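# Working through the structure, step by step
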Amino acid sequence: MTTNLIDLQHSDVIMATSNMAENHPVGFQWVMKAKERGAKFIHVDPRFTRTSAAADIHVPIRSGTNIAFFGGLINYAIQHNLYFRDYVVHYTNASFLIDPEFKTATDGNGLFTGFDAAKGAYDRTSWKYQLDGEGNPKRDLTLRDPHSVFQLMRRHYSRYTLQMVERVCGIPQAKFEEVAKLYCSNSGREKTGTITYALNLTQHTNGVENIRALCMLQLLLGNIGRPGGGVTALRGHANVQGATDLELLYHELPGYMAQPLRDAHPDLTAYMEKETPKGGFWVNKPKFFVSLLKAFYGDAATKDNEYGYQWLPKRAKADAYSHQHIFVDMYNGAIKGFLALGQNPAVGGPNAKLARSAMQRLDWLVVKDIFLTETAEIWKAPGVDPKTVKTEVFFMPAAPAAEKDGSLTNTMRLIQWHERAVTPPGDVTSDAEFVCTLARRLQALYAGSKKERDRGFLAASFKYGDNPKEPEMVEVLKEINGYATEDITDKDGKVVYKKGQPLNTFAHMTDDGKTAGGCWIYTGVTVEGPDGKLVNKANARKPADDKDYLGHGWGFAWPANRRILYNRAAADLAGKPWSEKKKLIWWDAEAPGNEPSKKGKWVGLDVPDFNPFLAPDAKNGDKPFIMRTDLVGGFFGPLNDGPFPEHYEPIESPVRNLLSKQQNNPVAKIWKVPDQQNELAPTGSAEYPYVITTYRLTEHHLSGVMSRYLPMLAELHHSHFTEISHELADELALKNGDMVTVATPRGKIHVRAMVTNRLKPFVIDGKKVHQIGVPWHWGYNGIAELPGSRGDITNDLSATVGDPNVYIQETKAFMCNVKKGVV
Amino acid sequence: MLKTPDWELMIVWYFFLGGIAGGAYFTAAIADNFGTVRDRAVARTGYLLSLPLVGMCGMLLIADLGVPRRFLNMLAAFKFWDPMSIGAWMVGVFGLFTFVSSVLSFTSSEKMAALRRKIGLVGLLFGFFLASYTGVLISNSAMPFWSDARLMGALFLASGASTGMAAVSLLMFVTGATAGEGWGKVKKADRFSMIFELLVLAAFLFMLGSAAKPITTGHFAPLFWGGLVAMGLVIPLVLDLVGHRVRALAPIAAVLVLVGGFILRYVVLMSIQA
Amino acid sequence: MARTLAMFTDTSLCIGCRACQVACKQWNELGLEVPDWTGTYQNHTHFTDKTFRLVRFIEEPKPTGDLAWLLMSDVCKHCAEAGCLDACPTGAIYRTEYGTVNINQDVCNGCRYCVSSCPFGVVSFNETTGTAKKCTFCNDRIHNGLGPACAKACPTDSIQFGFRDDLVTKAQKRVETLKAMGFKDAQLYGADSKGFLGGLNAFFLLLSKPSTYSLPEQPKLPQRNVVVDSLLSVGSAIVIGLGALLAFRDREQGDGNA
Ligand SMILES: Nc1nc2c(c(=O)[nH]1)N[C@H]1C(S)=C(S)[C@@H](COP(=O)(O)OP(=O)(O)OC[C@H]3O[C@@H](n4cnc5c(=O)[nH]c(N)nc54)[C@H](O)[C@@H]3O)O[C@H]1N2
Ligand SMILES: Nc1nc2c(c(=O)[nH]1)N[C@H]1C(S)=C(S)[C@@H](COP(=O)(O)OP(=O)(O)OC[C@H]3O[C@@H](n4cnc5c(=O)[nH]c(N)nc54)[C@H](O)[C@@H]3O)O[C@H]1N2
Ligand code: SF4
Ligand code: SF4
Ligand code: SF4
Ligand code: SF4
Ligand code: SF4
Ligand SMILES: [Mo]
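Analysis parameters
Residues numbered from 1 in each chain as written. Chains lettered and ligands numbered in written order. Predicted model: local features only at pLDDT ≥ 70, side-chain atom pairs only at ≥ 80, totals over all residues. Heavy atoms only, no water. Buried < 20%, exposed > 50% of the residue type's maximum accessible area, 1.4 Å probe, protein only. Helix = DSSP H or I, 4+ residues; strand = E, 2+ residues; numbered from the N terminus. Contact = heavy atoms within 4.5 Å. Buried area = accessible area lost by both parts, 1.4 Å probe. Salt bridge = Lys/Arg side-chain N within 4 Å of Asp/Glu carboxyl O. Polar contact = N/O pair within 3.5 Å; in protein donor to acceptor, adjacent residues only side chain to side chain. Nonpolar A, V, L, I, M, F, W, Y, C, P; charged D, E, K, R; others polar. Near = heavy atom within 4 Å. Areas by Shrake-Rupley, 256 points an atom, 1.4 Å probe, with all protein chains shown as cover. Expected span 1.5 Å × (residues − 1). Phe/Tyr/Trp six-rings, centres within 6.5 Å; stacked < 30°, edge-to-face > 60°. Lys NZ or Arg CZ within 6 Å of the ring centre and 35° of its normal. Domains from an automatic or database assignment. Pairing = 2+ DSSP bridges. Core = buried A, V, L, I, M, F, W, Y, C linked by side-chain atoms within 4.5 Å. Axes fitted to C-alpha atoms, helices over the stretch in contact; angles between N-to-C directions.

## Observations regarding helix H19 (residues 473–481) of chain A
Residue and element names in this part refer to chain A.
- For H19, every residue scored as buried is listed here: Leu 477, Lys 478, Glu 479, Ile 480 and Asn 481.
- If you follow the buried residues of H19, they end up packed against helix H13 (285–297), strand S13 (406–409), strand S14 (414–418), strand S15 (483–484), strand S19 (526–528) and strand S20 (534–536).
- Where H19 terminates, the next one or two residues include Gly 482, which has phi positive at roughly 105°.

Below, the structure is given as C-alpha cells:
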C-alpha cells in the first residue's frame, strides 16, 4: 500500500473495489471520516455488501471483468481530458517512446507483439524504450508521438467504451458514466481520490494485471504520492504484510530480492550483475544483499566465500514452488513431508479436495496451530476411512499473539509491537521457540558433517538473547533491523557504529560485510538510545494528532517511518505543493542544507521519500518514483502477460470474450492433475451456467478456525450458506433457507440458500447471467453445541489455476450449478 | 418486537384460583354480614374455601419465580403503583384474613362472630383486590392486547366473583349443605355476576376492537367463543334460568362456570404468549 | 446525582460489523446461543438473556430501485421513564446515579414482570440464573472510568458514549448534516427529554422511520393506566357487591331450595 489508512480521510472520492467494511472494518473508520467531511464513496462489487450499504453508489460488476472496468475508466479519463496532465507528463513514463515494433492488443486481436504459442509465453524483445545516444529513453513531452506510451495506451484502451463496459461487466452505461465522471473529475491539483483493492482484484488469472490497471488509473489522475490519494492495497492476515516483507515466499528473499536461480545465478557476482538495476534506489541492492547474508550466516560469511552465497537454496525453475505447485507435487508424490505452521490448507487452499488428498498421501505432516484444525485432523475428513490414511500427523500446540512478544506489520507497512499478556499454558510454545528449537536440534544432528552444503546451516545462529530455549523477540527485530558486525569508523577514524550497534538507516548498509541486516527496508525500527539501550520504535505509542496527522509517533512504518510512498509527487516540478489543500512535502529553499554552505531541504508532514537535500532542479530532483529504474511511474510496465492490462475472461466463464478473439489470458497457468482432480467447465457450459464468487464475512476468519471454534463468533451466522438473487431463486423454485447443492466439475457442497435483494442477475451482452456468492469459512470441525459451526468446504469447488506472474488462484470468478435440495 | 414474560400454566392457575378465592371470600363476607343466620353455611363454606385457595395461590406464585427463595424480596419493597408489588403483599394480607375468618367461622361465640363479620367486611376488599389485580397487572404491561384492555381488571373481577360463587355453590352441593336458603342466594348472586360478566365482556370486546383479535380470531377463537362465552357463561345462565328447578343442573352449571373462568385466564394469557 | 450518561448510536455510521455485539458478550461473559435462521445476516432474532446488543440488518429497497441496507445496533434504551423499572416488585431494577437502568441480580427473583413491561422487548429471562437480564450499561466499567465495551469496540464511532447533553447536541448537528447530504428521513429517536418516556439515555439516529427498525413510533409507559384500570375494577366490584348484597338481603327464600 503506497499510502496510510489515516490519510484516507483526506480523499475527495474513495472507490472501494474490495469489501472493505466487512474485511477491514477498523481501517474503514477513515472512509467514514472522509464521508463525514463530504467525500463521495463508491463501491464496486458483484454483491451489495456492508461496504455498499455505506456507499453513495454501488456498482455491481460481473466477477472477473475488472480490467474492462478500469480500462473503461482510463479510456474515459483520456477521452474527456480528465487526466492530470502535468503529473502525467513529468512523473510517469507516458512521454517515453517504445520500440516501433511493439503493437498493443488492440492491433493484435487480444495479443501483444511477441506471443509464442508453442511456449505459451511472450518474447518481450519489442517491449522496450527507444533509447537516445546516451542510452536514455527518448521522450516526447507533447505526448503526441504514436510510439509514446501515452498514445499506445490511448490506442490500447480505445476499445474500452461505455458500451463495451456495459456488455462485458454488466454495468449499465448510465451508472458507469456516473461513476466515471465522479471518480475522474476528482483529480488535478486540488483533489485526490483513492481506490482500495484486495482479493477482488488479485484472485484472478490476471490478478497482477488487474492491480496494474488500477495503478495506471491512479497515475493518470495524478493520485499517487499525494494526500488522500494512493493505492490502498488492503492486505489479509494481521501480519501478511510482514510475512511478505520477510518473504515467506518461494521466489524472493527478505526485502524483495530474488531468491537465486540455479542456472541464472551461479555465483554472487552473477547474481549481483543480473539483479542490480542501473538506475533508481535499487542500485544499492548489493549492500542490502550482502548484509542479508551476514544476518543469515554471521561470522561464517566472508568475502572469500561470497558471504555464504552458495549455501542459499537455489530455485531450479522460476515458478515451481507456489502454494498451488506444492499441492500438485504433493499429490504426485514428489513431496513426502509437510510442515503446516499456522495454515489450514484442508479448507483454505483452492481445490481443497485435491489438497486433502495430497496431504493424505504424505509420510508425515506437522501441524503447529492454536487449534486442532481440519488439516491436523486430515485423517478424519468426511468420506475418508482413517485406516487408509498412512500420513503420520504430529500436532504441536502453538501460542497465539497474546501469549508472546513480537511484531506485526499491517497493511500500511506499519510495524507494531505486541507484548505477551499471558504465559502459554502447558507445553504450548511460540512459533519462534519451535523454529529455533527445531533448528538447534537439527544442527546437533548434523554437527559432525563436513559437507560444504551443511556449513551455512551449521553456522547460522538461532540464539536470540540469553535464554537458549526462549528467543528474545526484540533481538530478532534487531537482527532484522541490521547492526554493525564490527566497529565502523568514518574517514576521520571516529567510531560511528560500535560492533553490535543497530543501524539507524539502510543508507548505512555496506557490501563489505561490516553490516548485517535481515530485511533492509525495516532498518530504523530499532535504534540505540542516548543511554545505550535499544529503542524499539515498533513499540512507540504516541497517537496521531493535529500536528502529526499521519501518526509518526505510533509504531514504525517502513521504509524510514515514511507514511506515504513516492511523496515527492505531492509537489510540482518546482517543489511547491500542487495546492495548499493537498500539501504534504515541499522544497524549503531557505532551510539549512546538509552542508553548512548549502541551503534547501524537503520538509513537510511526512518523511520525504527522497534524498531530502536533492533540489527540485538538480538531476533527477523531479523524479518521484525512486524504486523504479527510470524513476517515473510506469504506464508501460512489462509483466508476463503484457505491458498493458488487457481484459480476458476468467478460465471458466459464461461468455465469449467480447474484446478480442483471445478467450483467456494466453499465459495463465493451468495445472494438469491426474485422476480428474482439476476438471474445468468449458466456456458457456450449460451444465455449469452460473458465475460463482467466494468471499469472507466480517464474523468469520479465513478457514474459520479462529472463528468457527469460538462460540461468540460462530453463533453470529446460523450455518454455511450461499447468497442467491430472488430472480435465480424463482427460476429454481427456491425459498430463503432451503438447502441447495452447489456443484462444479471439481466437487459439490450442500449449503442453505440465503435469498436476497443484494444480488441481481447481470445482463451480459444482452443475455441474463446469474451470479451466486459463497463464503468459504466452513469446514468439518467446529463446536459440538453449534451444528452450524461445521459445514462443507467451499474450496472443494474451486480449481487449480493461476495468474502467470504470482500463481494466485482464481477463486473470485468461476462457474457452478445450483440445484434445490441435497443431491 | 416485544417480549413475552412466558407466564404459563402455573400463572393461569394462579389467576384462576386467586379469582375464586377472592370471589368466595367476598361471597362469604356478604352472606355473613347481610344474610340471615341461615346463610351461615354459605359464609363458612366461602371462608373455608378461600383459605386453601389463597395458600395454593401463594405457592404457585412462589413456585413460578425464577428464584423462588427470593419471594421475600417482593416484601422487601413496596411500590403502591405497581400491581405486582402490591399483589404480592396482598396475597399475604388476604391470606391472613382468610385464615382468621376460617378459624372464626367455627366459633359459637356471638362476640367472635361479630368480630368475624367485621373482619369479613375489611377482608372482602382484599378478596376483590386479589380477583382483579391480576387483570390490572397484565393490562399495565407493554404487551399488545393486554395493555389495550382497560376493562381487564373489571372482567377478571366479575369472573372471579362468578367463579367464586360457583365454587361455593358447588361445594355446598357436594357437602350437602344445600339445605336452607343460602344456596339459592349464592346461585342468585352468581346469576347476577354472570350477567354482569357478560356485559363487561361485551364492553371489553367493544372497547378493544381489533386489538382483541388474539382471542376473538385464530387459534384461540374456538376456546374463547365456545369455551368461555358459550360454555362458561351462556349455557350456565340458560341452565340456571330455564332449569333452576332441576337440582342436578345446578352443579353442572357451576362446573361450567368454573371451566369458563379457567378458559378466560388461559386464552388471555396464552393467546399472545403462545 | 451525577451528570446523566448516555450512549448515542448513530446508525448512519454503522457498518454492521457486530464488534459491539461480540464485545458485549465477551465483557459480560454471556454464553453460547444456538442461532436462528433469519434469512439475513442478523443473529439472533431478538434480544436474549445472552444478547444485550443486537445488530439489526434491514434490506429496504428504495423508491429509486436502489437498495438500502439499514444497519442498526440496538440496545436497552435506559429510558428516563422505564417500564421495566416501574414494574419490578423487588426493587431489583434501579436507576444508577448516572441515570442508567440496571438489574441487581442478587435481588431479582425472576417474576418476569419487567419482561412484559419493556416497550422495546429488551429484558429477557435467564433460565439458569432464574433472573432477568439486560444491558447493564456496563455498570462495572462506567463506575471504573471506562466507557461501555460496545462503544469501545465500535470501529466507526457509531456508538458514542458520554454525557447526555453533549451527545444530544452532537446528534442534532449530525442530523442537520445528514439532511443536507440528502438523507431526508434522518431523525433522532429518543433524544428529546420532553418526548416519549422522558427521553432515552441510549438514543439513536435513524435513517428511516422508527418502524422500519422495529421500533415503536410512540412508545408508551406501560404503567400509565394503573389508576383508570383500578377504578374500573373498583366500579365493577361495587356493582357485583351490590348484586350480591341484594341477593343476600332478600329475606324471602332463595329459589334454589326445591
Ligand atoms: N472479517 C474478516 N476480515 C478479513 C478476513 C477474514 O477472513 N474475515 N481475511 C483477511 C484476508 S486474509 C484478506 S486476503 C482480506 C481480503 O479482503 P477482500 O478482498 O475484501 O475479501 P473477499 O471477501 O474475499 O472479497 C472481496 C469482495 O470481492 C468481490 N468480488 C468478487 N469478484 C470480484 C470482481 O471481479 N471485482 C470486484 N470489484 N469485486 C469482486 C466479492 O463479492 C467480495 O465481496 O481480508 C482480510 N480481512
Ligand atoms: N475460495 C477461496 N479460498 C481462499 C480465499 C478466498 O477468498 N476464496 N482466500 C485466500 C486467502 S487471501 C488466504 S490468506 C488463505 C488463508 O488460508 P489459511 O492461512 O490456510 O487459513 P487460516 O484459517 O487463516 O489459517 C491460519 C491458522 O493459523 C492459526 N494460528 C493463528 N495464530 C497462530 C500462531 O500464532 N501460530 C500458529 N502456529 N498458528 C496460528 C489459526 O488457528 C489457523 O488455523 O485462504 C485463501 N483461500
Ligand atoms: S480483526 Fe484485527 S486486524 Fe482485523 S480488522 Fe479487526 S482489529 Fe483489524
Ligand atoms: S428499554 Fe426496556 S429494559 Fe431498557 S430501560 Fe427502557 S423499559 Fe427498561
Ligand atoms: S424479573 Fe426480576 S428484575 Fe424483573 S421485575 Fe421481576 S424481580 Fe424485577
Ligand atoms: S453497554 Fe455494556 S452491557 Fe450494554 S450493550 Fe454495551 S457492552 Fe453490552
Ligand atoms: S460495532 Fe459499531 S459499526 Fe459495528 S455493528 Fe456495532 S455499532 Fe455498527
Ligand atoms: Mo489473505
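After that view of the structure, there is still more to cover.
## Some words on the interface of chain B and chain C
- Counting from both sides, the interface comprises 69 residues of chain B and, opposite them, 66 residues of chain C.
- When chain B packs against chain C, close to 5,200 Å² is buried across both sides, 58% of that on carbon and sulfur atoms.
- Put simply, C:Arg112 and B:Asp64 hold a salt bridge, and the shortest N to O gap is 3.2 Å.
- Run the count over chain B and chain C and you get 28 residue pairs in polar contact (both at pLDDT 80 or more).
- For the side of chain B that touches chain C, the leading source of residues is helix H7 (residues 182–208) of chain B, giving twelve residues.
- Residues of the side of chain B that touches chain C, tallied by class, amount to 35 nonpolar, 19 polar and 15 charged.

## Regarding the site of ligand 6
- Around ligand 6, the structure places 13 residues, and the nearest of them are C:Cys24, C:Arg53, C:Cys135, C:Cys138 and C:Cys150.
- When the residues that make up the shell around ligand 6 are grouped by side-chain class, the tally is ten nonpolar, two polar and one charged.

## Points about the site of ligand 2
All names here are of chain A.
- If you check the shell around ligand 2, you find 28 residues, and the closest are His 237, Gly 348, Asp 369, Lys 404 and Ser 703.
- At a separation of 2.5 Å, an oxygen atom of ligand 2 approaches a polar side-chain atom of Asp 369.
- Lys 404 is positioned such that a nitrogen or oxygen atom in its side chain is 2.6 Å from an oxygen atom of ligand 2.
- When isolated, ligand 2 has an accessible area of 920 Å², and the protein chains bury 87% of it.
- Going through the elements one at a time, strand S11 (364–369) and helix H20 (705–708) are the ones with two or more residues in the shell around ligand 2.
- Considered class by class, the residues forming the shell around ligand 2 number ten nonpolar, twelve polar and six charged.

## Description of helix H17 (residues 431–445) of chain A
Residue and element names in this part refer to chain A.
- Over its 15 residues, H17 runs 21 Å from end to end, which matches the ideal 21 Å to within 8%, given 1.5 Å per residue.
- All buried positions along H17 are accounted for by Glu 433, Phe 434, Cys 436, Ala 439 and Gln 443.
- Packed against the buried residues of H17 are strand S10 (337–341), S11, strand S12 (392–397) and helix H18 (452–459).

## Observations regarding the pattern of salt bridges
- In this structure the tally under the stated criterion is 54 salt bridges over all chains.
- A:Asp431 is the salt-bridge partner of A:Lys404, the closest N and O atoms lying 3.3 Å from each other. Residue A:Lys404 is located in the loop between S12 and S13, and its partner A:Asp431 is located in helix H17; the two are separated by 27 residues in the primary sequence.
- A relative accessible area of 18% means that A:Lys404 is categorised as buried.
- With a relative accessible area of 28%, A:Asp431 lands in the partly exposed category.
- Residue C:Asp166 is joined to C:Arg3 by a salt bridge in which the shortest nitrogen-to-oxygen separation is 3.2 Å. Pair noted here: C:Asp166 is in helix H6 (residues 164–180) and C:Arg3 is in the segment before strand S1 (5–10), with a separation of 163 residues, a long-range link.

## Thoughts on the interface of chain A and chain C
- Listed by partner, the interface residues are 41 residues for chain A and 35 residues for chain C.
- Between chain A and chain C, a total of about 3,100 Å² is buried, with carbon and sulfur atoms accounting for 65% of that surface.
- Looking only at chain A, the three residues that lose the most surface to chain C are A:Arg50, A:Met712 and A:Glu715, adding up to 21% of its buried area.
- Between the two partners, chain A and chain C, sit four salt bridges.

## So, the packing of aromatic side chains
Residues and elements named next belong to chain A.
- In total, this model carries 65 aromatic pairs over all chains according to the counting rule given.
- Of the aromatic side chains, those joined through ring pairs into one cluster are Phe 102, Phe 112, Phe 115, Tyr 122, Trp 127, Phe 636 and Phe 644.
- Directly above the aromatic system of Tyr 483 lies the positively charged group of Lys 478, at a separation of 5.7 Å from the ring centroid.

## Some thoughts on the domain arrangement of chain A
- What the domain assignment lists for chain A is domain 1 (5–236), domain 2 (573–622) and domain 3 (669–820).
- Placing the centre of domain 2 of chain A and that of domain 3 of chain A at their C-alpha centroids yields a distance of 52 Å.

## What to know about the arrangement of the chains
- Here two pairs of chains make contact, and the pair sharing the most contacts is chains B and C.
- At the C-alpha level, the nearest point of chain A lies 20 Å from chain B, with no contact between them.

## Points about the environment of A:Glu22
- Along the chain, A:Glu22 falls in helix H1 (residues 20–23).
- Expressed as a C-alpha distance, the spacing of A:Glu22 and A:Glu699, which sit 677 residues apart in the sequence, is 8.4 Å.
- Apart from the residues lying within four places of it in its own chain, the contact partners of A:Glu22 are A:Thr49, A:Arg50, A:Thr51, A:Arg696, A:Leu697, A:Thr698 and C:Tyr41.
- A distance of 3.0 Å separates the side chain of A:Glu22 from the backbone nitrogen of A:Arg50, its partner in a polar contact.

## Remarks on the pairing of S14(A)
All names here are of chain A.
- For S14, a buried count of four out of five residues is recorded, marking the element as mostly surrounded by other parts of the structure.
- Summarising the sheet, S13 and S14 pair through four bridges and their orientation is antiparallel. If you follow Gly 406 over to S14, its bridge partner there is His 418.
- Between the end of S13 and the start of S14, which pair antiparallel, lie four residues, with Arg 413 showing a positive phi angle near 60°.

## Some remarks on the nonpolar core
- Membership of the largest hydrophobic core comes to 113 residues, with the highest contact counts inside it found for A:Met15, A:Phe69, A:Phe70, A:Met153, A:Leu220 and A:Phe644.
- If one sorts the elements of this core by residue count, helix H4 (residues 66–79) of chain A sits on top with nine residues.
- The contact partners of A:Phe70, leaving out residues within four places of it in the chain, are A:Met15, A:Thr17, A:Ile195, A:Leu201, A:Asn210, A:Ala213, A:Leu214 and A:Leu217.
- Core analysis: the next-biggest nonpolar cluster, separate from the first, contains 101 residues, B:Ala43, B:Ile119, B:Met165 and C:Cys111 among them.

## Quick notes on the sheet that holds strand S1 (residues 13–16) of chain A
Residues and elements named next belong to chain A.
- Taking strand neighbours across the sheet as the criterion, the five strands line up as S3-S2-S1-S6-S7 in an open arrangement whose pairing is parallel. The open sheet is flanked by strand S3 (57–59) and strand S7 (231–233), the only strands paired with a single partner. Direction aside, neighbouring strands of the sheet carry axes that sit 20° apart on average.
- Of the pairings in the sheet, the one linking strand S2 (residues 40–44) to S3 comprises three bridges and is parallel in character. Directly across from His 43, in S3, lies its bridge partner His 58.
- Against the sheet, helix H8 (residues 173–184) touches S1, S2, S3 and strand S6 (193–197), its axis set at about 120° to S3.

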